[in-house]
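Chain by chain, the residues:
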Amino acid sequence: TGVIAPPGGGGGGNGGIPSPGGVAEQFSLAEVETARTNPETEADEDDLTNPPHKGVYLCSAIQARFNHTVDAESFTASKDALLIKQKPENNADEDIDSWTTVDSSAMPSYAWNHSGQYITFEHPGDGATLFQKSTEYAAVYPRTLTDTGNPPFPLANCTATLCEVEGDRVVWRFTTGDI
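Description of the structure in this document.

Procedures and definitions
- Counting from 1, residues in each chain are numbered in the order their sequence is written.
- With the structure being a predicted model, the display of local features is reserved for residues of pLDDT at least 70 and the display and counting of side-chain atom pairs for 80 or more, all residues being used for whole-chain, interface and lining totals.
- Derived side-chain values reflect all non-hydrogen atoms in the structure, with water molecules and hydrogen atoms excluded from consideration.
- By this definition, two strands are paired if DSSP reports at least two bridges between them.
- Numbering of helices and strands runs from the N terminus, with a helix taken as a DSSP run of H or I at least four residues long and a strand as a DSSP run of E at least two residues long.
- Here an axis means a line fitted to C-alpha atoms, over the contact stretch when the element is a helix, while the angle between two N-to-C directions is reported on a 0 to 180 degree scale.
- Each Phe, Tyr or Trp ring (for Trp, its six-membered ring) is paired with any other whose centre lies within 6.5 Å, and the angle between the two planes then decides the class: stacked below 30 degrees, edge-to-face above 60, tilted in between.
- A 3.5 Å cut-off defines polar contacts: any pair of N or O atoms within that distance qualifies, except that in protein one atom must be a possible hydrogen donor and the other a possible acceptor, and neighbouring residues in sequence count only when both atoms are side-chain atoms.
- A pairing counts as a salt bridge when a side-chain nitrogen of Lys or Arg comes within 4 Å of a carboxyl oxygen of Asp or Glu.
- Each residue's exposure class comes from its accessible area (1.4 Å probe, protein chains only) as a fraction of the maximum for that residue type: buried when under 20%, exposed when over 50%, partly exposed otherwise.
- Only heavy atoms matter for contacts: two residues are in contact if any of them lie within 4.5 Å across the pair.
- As used here, the term nonpolar core means buried Ala, Val, Leu, Ile, Met, Phe, Trp, Tyr and Cys residues forming a set that is joined through side-chain atoms within 4.5 Å.

Thoughts on the sheet that holds strand β1 (residues 27-33)
Here is step 1: The mixed open sheet is built from 5 strands, whose spatial order is β5-β6-β2-β1-β8. Strands at the two margins of the open sheet, each flanked by one partner only, are β5 (111-115) and β8 (155-158). Adjacent strand axes in the sheet meet at a mean angle of 30 degrees when their direction is disregarded.
Here is step 2: The pairing of β1 with β8 spans 3 bridges and is classified as parallel. Of the residues in β8, the one forming a bridge with Leu 29 is Cys 158.

The structure is reproduced here in structure tokens:
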């Protein structure tokens with residue numbers, strides 16, 4: 001469950017089509033998909049035996065699915081604010097501003113990609129990875145992202161597990177496993 005933030009616009013937002021009753025939904029990060037040990041062991045929403053934020057493979061993509069189509073121009077304009085943050089070892093602070101932004105210059109071929117309702121963080125595919133074993137991370141999505149509605153809605157909410165709205169961003173936290 002996420003924290004609901006005030007919507008940032010009016011009118012259509014569901015790809016320009018209002019939901020039944022004429023009121024459009026807020027633009028929201030709906031869920032995040034990862035590769036991890038035995039993801040098929042998820043029982044249901046109330047009994048997650050292997051949730052998507054735990055034991056994430058070191059080579060896993062982080063695929064965020066939004067409830068509306070992400071506007072391509074807003075994705076391009078917001079791309080520099082899409083971040084992976086790493087919790088420093090022996091740091092009890094949960095404020096991600098104190099976390100380290102993963103240094104993409106060490107591996108410039110990592111990528112943030114966009115397609116329809118998805119924004120995906122991908123490793124280069126050559127066996128290299130930005131993730132370390134058993135480490136806490138956060139994927140950061142700026143609220144400057146908008147949907148394709150008319151007028152467009154800015155990213156306002158988050159309903160994925162361990163996801164929260166923090167000021168001008170939406171943050172999804174996860175922990176890697178050993179492989």
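Details of the packing of aromatic side chains
Here is step 1: On inspection of all chains with the given rule, the structure shows 9 aromatic pairs.
Here is step 2: For the pair Tyr 137 and Phe 174, a centre-to-centre distance of 5.6 Å together with 20 degrees between the ring planes defines the contact as stacked. With Tyr 137 in strand β7 (residues 136-142) and Phe 174 in strand β10 (residues 169-175), this residue pair connects regions lying 37 residues apart in the sequence.
Here is step 3: Here the aromatic residues Phe 27, Phe 66, Trp 112, Phe 121, Phe 131, Tyr 137, Tyr 141, Trp 172 and Phe 174 are joined through ring pairs into a cluster of three or more.

Some remarks on the side chain of Arg 169
Here is step 1: Its place among the elements puts Arg 169 in strand β10.
Here is step 2: Among the polar contacts listed, one links the side chain of Arg 169 to the side chain of Asp 97, at a separation of 2.8 Å.

Comments concerning the pattern of salt bridges
Here is step 1: Taken as a whole and judged by the stated rule, the model has 8 salt bridges.
Here is step 2: Where Glu 166 meets Arg 169, a salt bridge forms, and the shortest distance between an N and an O atom there is 3.4 Å. As far as the burial class goes, Glu 166 and Arg 169 line up, both buried.
Here is step 3: Salt bridges linked by common partners bring Lys 87, Glu 94, Asp 97, Glu 136, Glu 164, Glu 166, Arg 169 and Arg 173 together as one network.

Some details on the environment of Thr 69
Here is step 1: Along the chain, the position of Thr 69 falls in the loop between β2 (62-66) and α1 (72-78).
Here is step 2: Here the alpha-carbon distance between Thr 69 and Tyr 118, two residues 49 residues apart in the chain, equals 7.7 Å.
Here is step 3: Residue contacts for Thr 69: discarding those within four places in its chain leaves Gly 116, Gln 117, Thr 146, Asp 147 and Thr 148.

Digging into unusual backbone geometry
Here is step 1: The omega torsion across Asn 150 and Pro 151 is 5 degrees, close enough to zero to call that bond cis.
Here is step 2: Mapped onto the elements of the fold, Pro 151 is located in the loop between β7 and β8.
Here is step 3: Despite not being glycine, Ser 134 shows a phi value in the positive range, around 45 degrees.
Here is step 4: Mapped onto the elements of the fold, Ser 134 is located in the loop between β6 (118-122) and β7.

What about the sheet that holds strand β9 (residues 163-166)?
Here is step 1: Spatial strand order, β4-β3-β7-β10-β9: 5 strands in an open sheet with antiparallel pairing. Each edge of the open sheet is held by one strand with a lone partner, namely β4 (100-101) and β9.
Here is step 2: Pairing analysis gives 2 bridges linking strand β3 (residues 83-86) to β4, with the strands arranged antiparallel. Residue pairing across strands places Gln 86 opposite Thr 100, the latter belonging to β4.

Quick notes on the nonpolar core
Here is step 1: Leu 29, Ile 62, Phe 66, Ile 119, Phe 131, Tyr 141 and Leu 145 are the most contacted members of the largest nonpolar core, which has 31 residues in total.
Here is step 2: Counting only elements with at least two residues in this core, the list comes to β1, β2, β6, β7, β8, β9 and β10.
Here is step 3: The next biggest cluster of nonpolar side chains, apart from the first, holds 5 residues, and it includes Ile 96, Trp 99, Ala 138 and Val 140.

These figures capture arrangement, not role.
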